[in-house]
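# Structure assessment
Chain by chain, the residues:
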Amino acid sequence: MSTITVHRLNKKFVHHAETGERNIIAVHDVSLKVTEGEVLAVVGPSGCGKSTLLRLIGGLIIPDSGEVLYDNVLLNEIPLMDRGIGMVFQDGALVPHWEARRSVGFFLWLRKREYEVPERVARIGKITGIGLNDLLDRMPRQLSGGERQRVAVARALARDPRVFLFDEPFSNIDAKLRGSARVELRRLLNEFPVTSVYVTHDQHEAIALANRIAVMNEGQIIQIGTFEQLYTSPRSQFVAEFIGTPPINILEGRVQGHAWYGRTFGGFEVRHDLEDGAAVNLGVRAQDVILDPEGENAVVRTITPMYAEHHQLLELEGSRESWRMHVPEDLEVRRGDILKCAIKPENLLFFDGKTGQRIG
């Protein structure tokens, strides 16, 4: 296993269009460290630069500036054959005219160790609970999306990897298979604790697989931490909105007399050094909006039953703004009903209305 260190990494691409060339900054001044055996998930919206960052870490593209180091050795100083990188892409990236067995064993075949393939495959199959042997004689076109990804993971493990790099490996398979694939991969990572970077847009996948999560936006790492740290102590409104299901409610308001007041709710104490009139946004999770006979009137706009969680998710509107809240699954409620709502003051988050940064 290796420790991955990324120091002030930058990468831009030149986009050619009819109106002329323009620079697209894919990765900007990114620094991070992935410790030996750790799984770091990188999440963020489409186009934020997370896949580019993964390819820079894997040496598939060259940075404009900055460094990638494995065990404090510059990546470009490590011969290709000695880097020990196992990569799994969105589509598996199997050689189309090779049967799966040849794809899995190619690395070992190059090193005249192909005799190890049956034992490796048997061990992986035992850990994951899937029959890899049944897939090995098939061509990629004969495999489903989930089967191709299983073969791709087996191929990566057969390399004796020092580093695992995953680029949204389960994004092209259906939701049911995606759930079982996560479980299989988690078992493999427990059995083969390889330093890993896992790029995904799915925070549930990140929570299930990673020790820490890096939130990325517009080419930059916004915050790194455990899911709990990102959920309870986001440093910015962007992180607060990106992490958590359903998304956090953001209500606009202003400071008056050391308290926050919005269109519907108000009177919550804020930091005393904020000037009256300062624009501040309030972040409140759905579970912290409650029914209260003394609360504010709001109209029910949508109702989503959450059977597994034993509650209903409502979207309500009042005073020209909307928010989400949880109510008991047995509460009789219909669209158009008027409910009285209040906010629990314990877990509120405040963000600068201009910069989006957290106000402590």
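Here the structure is shown first, and the text comes after it.
The structure contained in this document is the topic of the report that follows. Positions within a chain are numbered from 1, following the residues in the order the chain's sequence is written. Whole-chain, interface and lining totals are the exception, using all residues; otherwise, since this is a predicted model, local features are given only for residues with pLDDT of at least 70 and side-chain atom pairs are given and counted only at 80 or more. Excluding hydrogens and water, the side-chain figures rest on all heavy atoms present in the structure.

### As for the overall build of the chain
- Here a helix means four or more residues in a row that DSSP labels H or I, a strand means two or more in a row labelled E, and each is numbered from the N terminus. Looking only at helices and strands, the chain features eight helices and 20 strands.
- Between buried and exposed lies partly exposed: a residue is buried under 20% and exposed over 50% of the maximum accessible area for its type, with that area taken using a 1.4 Å probe on protein chains only. Expressed as a percentage of the 360 residues in the chain, the buried residues total 47%.
- Areas reported here follow the Shrake-Rupley algorithm with a probe of radius 1.4 Å; residue values treat only the protein chains shown as occluding. Working note: accessible area of the chain is about 18400 Å², and carbon and sulfur atoms make up 49% of it.

### Considerations on the sheet that holds strand β9 (residues 212-217)
- Pairing between strands is defined by DSSP: at least two bridges between the two strands are required. Taken in spatial order, the six strands make up an open sheet running β6-β7-β8-β3-β9-β10, and their pairing is mixed. Only two strands of the sheet have a single partner each, and these edge strands are β6 (85-88) and β10 (220-225). Here the strands of the sheet are splayed against their neighbours by 15° on average, with no regard to which way each runs.
- Relative to β10, β9 runs antiparallel, the two sharing five bridges. Note that in β10 the partner of Met216 across the bridge is Ile221. Think of each axis as a best-fit line through the C-alpha atoms, taken over the contacting stretch in the case of a helix, with angles from 0 to 180 degrees between the N-to-C directions.

### Digging into helix α5 (residues 175-191)
- Taking 1.5 Å of rise per residue, the 17 residues of α5 would be expected to cover 24 Å, and the 25 Å separating its terminal C-alpha atoms lies within 8% of that figure.
- Turning to α5, its buried residues are Ala181, Arg182, Glu184, Leu185, Leu188 and Leu189. Here the expected span of a helix is defined as 1.5 Å times the quantity of residues minus one.

### Things to note about unusual backbone geometry
- Residues Thr245 and Pro246 are joined by a peptide bond in cis, for which omega reads -5°.
- In this fold, Pro246 is placed in the loop between α8 (237-242) and β11 (249-256).
- Despite not being glycine, Arg8 shows a phi value in the positive range, around 50°.
- Mapped onto the elements of the fold, Arg8 is located in strand β1 (residues 4-17).
- Relative accessible area serves as the criterion here: at 46%, Arg8 is assigned to the partly exposed category.
- The backbone of Arg320 shows a phi angle near 65°, a positive value even though the residue is not glycine.
- Considering the arrangement of structural elements, one finds Arg320 in the loop between β16 (311-318) and β17 (321-328).

### A short note on the nonpolar core
- Side-chain atoms within 4.5 Å link the members of a nonpolar core, which is a set of buried Ala, Val, Leu, Ile, Met, Phe, Trp, Tyr and Cys residues. Among the nonpolar cores identified, the biggest contains 37 residues, and Val151, Phe164 and Leu185 are the most heavily contacted of them.
- Considering each element in turn, this core owes the most residues, six residues, to helix α4 (residues 145-157).
- Contacts: residue pairs with any heavy atoms within 4.5 Å of one another. When residues no more than four places from it in sequence are discounted, the contact partners of Phe164 are Gly86, Val153, Ala156, Leu157, Leu189, Val194, Thr195, Ser196 and Val197.
- By size, the runner-up hydrophobic cluster in this structure holds 27 residues, among which are Ile4, Leu56, Ile85 and Met216.

### A closer look at the side chain of Glu38
- Along the chain, Glu38 turns up in the loop between β2 (20-34) and β3 (39-43).
- For Glu38, a relative accessible area of 8% corresponds to the buried category.
- Beyond its immediate sequence surroundings of up to four residues, Glu38 is in contact with Lys33, Val194, Thr195, Ser196, Asn211 and Arg212.

### A word on the environment of Val27
- Mapped onto the secondary structure, Val27 falls in strand β2.
- Judged by relative accessible area, Val27 falls into the buried class, the value being 0%.
- C-alpha separation for the pair Val27 and Ser51, spaced 24 residues apart in sequence, amounts to 9.8 Å.
- For Val27, the residues in contact, after removing those within four places along its chain, are Leu9, Asn10, Lys11, Gly49, Thr52, Leu53, Leu56, Met216 and Gly219.

### Overview of the pattern of salt bridges
- Every case where a carboxyl oxygen of Asp or Glu lies within 4 Å of a side-chain nitrogen of Lys or Arg is listed as a salt bridge. Under the counting rule described, the total for this entry stands at 10 salt bridges.
- Notably, a salt bridge pairs Asp167 with Arg55, separated by 2.6 Å at the nearest N-O pair. Here the residue Asp167 occupies a position in strand β7 (residues 163-167), and Arg55 occupies one in helix α1 (residues 50-58), the gap between them amounting to 112 residues.
- Under the relative-accessibility criterion, Asp167 is labelled buried at 3%.
- We note a salt bridge from Glu205 to Arg182, for which the minimum N-O separation is 3.4 Å. Placement of the pair is Glu205 in helix α6 (residues 203-209) and Arg182 in helix α5, with a sequence separation of 23 residues. One exposure class covers both Glu205 and Arg182, and it is buried.
- Via salt bridges that share partners, Arg182, Asp202 and Glu205 belong to a single interconnected network.

### What about the layout of surface pockets?
- By volume, the second largest pocket amounts to about 220 Å³.
- Looking at the second largest pocket, the residues that line it are Leu56, Gly59, Ile61, Ile62, Pro63, Gly66, Glu67, Val68, Leu74, Leu75, Asn76 and Arg83.
- Per element, the largest residue contribution to the lining of the second largest pocket is three residues, and it comes from strand β4 (residues 65-70).
- We call Asp, Glu, Lys and Arg charged. Ala, Val, Leu, Ile, Met, Phe, Trp, Tyr, Cys and Pro are nonpolar, and the rest, Gly among them, are polar. Of the residues in the lining of the second largest pocket, the class split is seven nonpolar, three polar and two charged. A 1.4 Å probe that fits into a set of points on a 1 Å grid over the protein atoms alone but cannot get out defines a cavity; an open set with protein on both sides within 12 Å along at least five of seven lines defines a pocket, and lining residues are those with an atom within 4 Å of a point. Grid points are joined across faces, edges and corners, and a volume is the space filled by probe spheres set on the points.

### Structural notes on the packing of α4 against α5
- Packing of α4 against α5 leaves a shortest axis separation of 12 Å and a crossing angle of 10°. Relative to α5, α4 is oriented roughly parallel. Where α4 abuts α5, its residues Arg150, Val153 and Leu157 lie against Ser180, Glu184, Leu185 and Leu188.
- Of the residues belonging to the contact of α4 with α5, the class tally is four nonpolar, one polar and two charged. An angle counts as roughly parallel when it lies under 35 degrees, as roughly antiparallel when it exceeds 145, as roughly perpendicular when it falls between 65 and 115, and as oblique in every other case.

### Considering the pairing of strand β12 (residues 259-262)
- Bridge analysis of β11 against β12 gives four bridges, and the strand direction is antiparallel. Paired with Gln256 across the two strands is Ala259, which belongs to β12.
- The antiparallel hairpin formed by β11 and β12 contains two residues in its connecting segment, where Gly257 sits at a positive phi of about 60°.
- Relative to strand β13 (residues 266-269), β12 runs antiparallel, the two sharing three bridges. The residue of β13 that forms the bridge with Trp260 is Phe268.
- Here β12 folds back onto β13 in antiparallel fashion, the turn holding three residues.

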